[in-house]
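Coordinates in review
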Amino acid sequence: MTAHPRTRERVGVTLSLALFMCVVLALVSASGAQSMSADARLSVLDAVVRVIAFDWSEDAVVGAGSGTIISEQGHILTNYHVVLSQNGEVLDLLPILTAESSAPDVAPTLSYFAAFLDGDPETDVALLQAFAWADGSPIPQDHRFAHVRLGSIEAMLIGDPIFVIGYPGVSGDTITFTTGVVSGFLGEDGSSSGRRWIKTDARIARGSSGGGAFDIDGTLIGVPTMRYSRVAPDTVETQELLRPIDVALPMLLQHIDTISDASAVAPAGRDAAESEASLPEVSTGAETWVTQGSLDDGAETYFPGRFAKRHRIELAADDTVHVRLRSDEFDAYLVVLDPDGNVVLEVDDSHGAGLNVDEVMETVDPGPYTFVVTSAFRHEQGRYTLEVVGAITASEREDAPAASSPPVRSERAVGAPPAAFDYSGVWTGTIVDSYAGHGTVRVVMHQDGATLFGTWQSAFAMGSNSGTLTGLLQSDGVHLELSPSDPSSCPFRGVIERVDTTIGGTYVAFDCAIPISGTITLTKR
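Because the structure is a prediction, the values reported are computed rather than measured.

Scanning the protein from terminus to terminus reveals 3 helices and 30 strands. A buried classification covers 46% of the 525 residues belonging to the protein. For the protein, the proportion of contacts with a sequence separation of at least 24, taken over those separated by at least 6, is 61%.

For the rest of this paragraph, the subject is helix α3 (residues 245–255). Counted residue by residue, α3 has 8 buried out of 11 residues, so it is predominantly covered. All buried positions along α3 are accounted for by I245, V247, A248, L249, M251, L252, L253 and H255.

Quick look at the environment of R310 now. Along the polypeptide, R310 turns up in strand β15 (residues 306–315). Among the residues examined, R310 registers a relative accessible area of 3% and is labelled buried. A C-alpha to C-alpha distance of 9.9 Å links R310 and G293, two positions 17 residues apart in sequence.

This part takes up helix α2 (residues 38–47). For an α-helix the count is 3.6 residues per turn, leaving residues at separations of three or four pointing the same way. Listed as buried for α2 are A40, V44, L45 and A47. Here the buried residues of α2 occupy an arc of 160° about the axis, which is enough to place them on one side. On its buried face, α2 is in contact with β1 (48–55), β2 (60–69), β7 (161–166) and β10 (212–214).

Scored by pLDDT, the protein comes out at a mean of 76, with 77% of its residues at no less than 70. Per-residue pLDDT, averaged within each element of the protein, yields its smallest value for helix α1 (residues 5–33) (42) and its largest for strand β3 (residues 75–78) (95). Predicted confidence for residues 1–33 stays below pLDDT 50, and this span has 3 contacts to residues more than four positions away or in other chains. In this model residues 397–419 is a low-confidence stretch, pLDDT under 50, and it forms 49 contacts with partners more than four residues away in sequence or in other chains.

Okay, the sheet that holds strand β21 (residues 382–390) next. Sheet strands pair via backbone hydrogen bonds, and the direction of the pair is either parallel or antiparallel. Spatially, 4 strands are ordered β13-β21-β16-β19 in an open sheet, and the strand pairing comes out antiparallel. Each having just a single partner strand, β13 (287–295) and β19 (357–362) make up the two edges of the open sheet. Each neighbouring strand pair of the sheet contributes to a mean axis angle of 15°, computed without reference to strand direction. Sheet topology note: the β13/β21 ladder contains 9 bridges and is antiparallel. Counted as the bridge partner of T288 is V389 from β21.

Within this structure, the stated rule accounts for 10 aromatic pairs. Between F54 and W56, the ring centres sit 4.7 Å apart and the planes meet at 65°, which makes this aromatic pair edge-to-face. Taken individually, F54 and W56 each receive the classification buried, so the pair is uniform in this respect. With a centroid separation of 5.2 Å and 90° between ring planes, the pair formed by F492 and Y507 is classed as edge-to-face. Taken together, the positions of F492 in strand β28 (residues 492–499) and Y507 in strand β29 (residues 502–509) put the pair 15 residues apart, joining distant regions of the chain. Like F492, the residue Y507 is buried in the burial classification. An aromatic cluster of three or more residues is present, and its members are F54, W56 and F113. In this structure, R195 packs its charged tip against the face of F185, placed 4.0 Å from the ring centre. Its end group placed over the ring of W197, R243 keeps NZ or CZ at 3.8 Å from the ring centre.

Let us look at the nonpolar core. Side chains of a nonpolar character, in soluble globular proteins, are inclined to be buried together. In this structure, I70, L77, Y112, L128 and L252 are the most contacted members of the largest nonpolar core, which totals 46 residues. For this core, the leading source of residues is α3, giving 6 residues. Apart from the residues lying within four places of it in its own chain, the contact partners of L128 are V51, G74, H75, I76, T78, V83, L94, I96, A114, A115, F116 and L117.

What follows deals with the pairing of β29. Two elements, β28 and β29, share 8 bridges in a ladder whose sense is antiparallel. Bridging across to β29, V495 finds its partner in T506. Relative to strand β30 (residues 517–524), β29 is paired through 7 bridges, and the arrangement is antiparallel. In the sheet register, T506 faces β30, and the bridge partner there is T519.

Strand order in this closed barrel of 8 strands is β23-β24-β25-β26-β27-β28-β29-β30, and the pairing throughout is antiparallel. When the angles between neighbouring strand axes are averaged without regard to direction, this sheet yields 30°. Here strand β23 (residues 425–433) runs beside β30; their pairing, made up of 7 bridges, is antiparallel. Within β30, the position partnered with D433 by the bridge is G518.

Okay, a negative patch on the surface next. A surface patch of negative charge is lined by D318, D340, E362 and D365. Within the secondary structure, E362 is located in strand β19.

Of note, L77 is situated in strand β3. Take L77: its relative accessible area is 1%, and that puts it in the buried class. Here the alpha-carbon distance between L77 and A126, two residues 49 residues apart in the chain, equals 6.0 Å. Residues within four places of L77 in sequence aside, it is in contact with G67, T68, I70, V125, A126, L127, G210, L220, V223, I245, A248 and L252.

Attention shifts here to a nonpolar patch on the surface. A contiguous nonpolar patch, built from Y435, M462 and I514 and spanning about 340 Å² of accessible area, is present on the exposed surface. Looking at the element boundaries, I514 is found in the loop between β29 and β30. The class for I514 is partly exposed, based on a relative accessible area of 38%.

The rules behind each value
- Residues numbered from 1 in each chain as written.
- Predicted model: local features only at pLDDT ≥ 70, side-chain atom pairs only at ≥ 80, totals over all residues.
- Heavy atoms only, no water.
- Helix = DSSP H or I, 4+ residues; strand = E, 2+ residues; numbered from the N terminus.
- Buried < 20%, exposed > 50% of the residue type's maximum accessible area, 1.4 Å probe, protein only.
- Contact = heavy atoms within 4.5 Å.
- Arc of directions from axis to C-beta.
- pLDDT = per-residue confidence, 0-100.
- Pairing = 2+ DSSP bridges.
- Axes fitted to C-alpha atoms, helices over the stretch in contact; angles between N-to-C directions.
- Phe/Tyr/Trp six-rings, centres within 6.5 Å; stacked < 30°, edge-to-face > 60°.
- Lys NZ or Arg CZ within 6 Å of the ring centre and 35° of its normal.
- Core = buried A, V, L, I, M, F, W, Y, C linked by side-chain atoms within 4.5 Å.
- Patch = residues over 30% accessible without salt bridge, like charges linked within 9 Å, V, L, I, M, F, W, Y side chains within 5 Å.
- Areas by Shrake-Rupley, 256 points an atom, 1.4 Å probe, with all protein chains shown as cover.
- Salt bridge = Lys/Arg side-chain N within 4 Å of Asp/Glu carboxyl O.
- Lys, Arg positive; Asp, Glu negative; His and termini not counted.
- Charge placed at Lys NZ, Arg CZ, Asp CG, Glu CD.

Put into structure tokens, the structure is as follows:
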């Protein structure tokens, strides 16, 4: 039977409309699958902050960038170049601006101050921690910051969506959200193979440096770091680059005992029952050396406030050695030095070992290796078990005497401290003034015997101040005198006491038309 021509036309139109609607629905579905949910967006918007590079010695803003809060304690991940002065020096006291996720159209305002904790200029990552509110009052230890989870690029594929959030500055002061995909990966040199860089077509402005690059679930997978440009005849080619979170992870785990994990990146405190099958095997015929000890008040001090015990073991050359350090009473931290006193292993939490150490290391030279057992945090005490498996030629079952032990040297630790505390260095903290209210203060101090001298800068809601200081170490504490650069301001005198790396006490103004007094607390950075 032959259909009426008009009927065939109607059927054709119907089929065309159906096909068109299927395509539209497919596109809508695909588009929805590539969008971050509203809840995830609100979460990451609350965790991305603006970092102000304020040079207190110059009393001026020298730059700005972005950062992402990655722990409930207020740790902030950013770029190393964001926290540098114009002279290339680290600015260790940085104003942090935030905005409400519910009001992305409002410019961020000063919320708190953060201190510089650690950084790596080679990989261009830095870690900060919030410590004082905008009015200078200390942030309570039980305060919990909104933060994001950490992910990994190991499971990411080319074409996966990426969302970049930061404060670019080129389009006003409000927060900016851009999208793109994983365009590819690069090695450290920016041209070879590897996964040290993520290429993306998501737009990254200069002020977005240090901000967050997130996957579709709102998990932090990278830090917007660099834009590479190449000028060719009649054209300019650009490539946006992200630093993967995997590159920053070793530094983060040295400072943060709890990191929210999205699954790919294992945080501190992992399940100790994970498989050890991936560990290299030690040499055939290896011996096992085991000792038990305790960190207590009688132990030597390895790092300010950290107790330590040392063990010496003679190891053969060119050997694979398995080292385990376990404690149920403190967060174990291990440093191993070769016969020349060079650090060959420094570990806090090993993968699959929870807060314990379970590592394999390679020896080069034969001789006595020093195993320094300490804790990840100050004042921790308790019992431990140290086990070494390898080609052991001799060992000291008891703790090696501190006097005969080689000094410890590493990026994060120093050797046995001198008999007298060294006050030289950068101190940051809070100040409560009867006239100016709550504020923050930064002191750069130098020591010459019992004499102290240096500079200071303070910041209050009503303004900032700076000047010089002199001091004298006496039996009842440190006697300080602070002289402001502004001749209209009053000088101060105070006596402060030291507990480990923190000093604090009271001060009063002299030669002043009005009575002013206050308290100050500083911690050496």
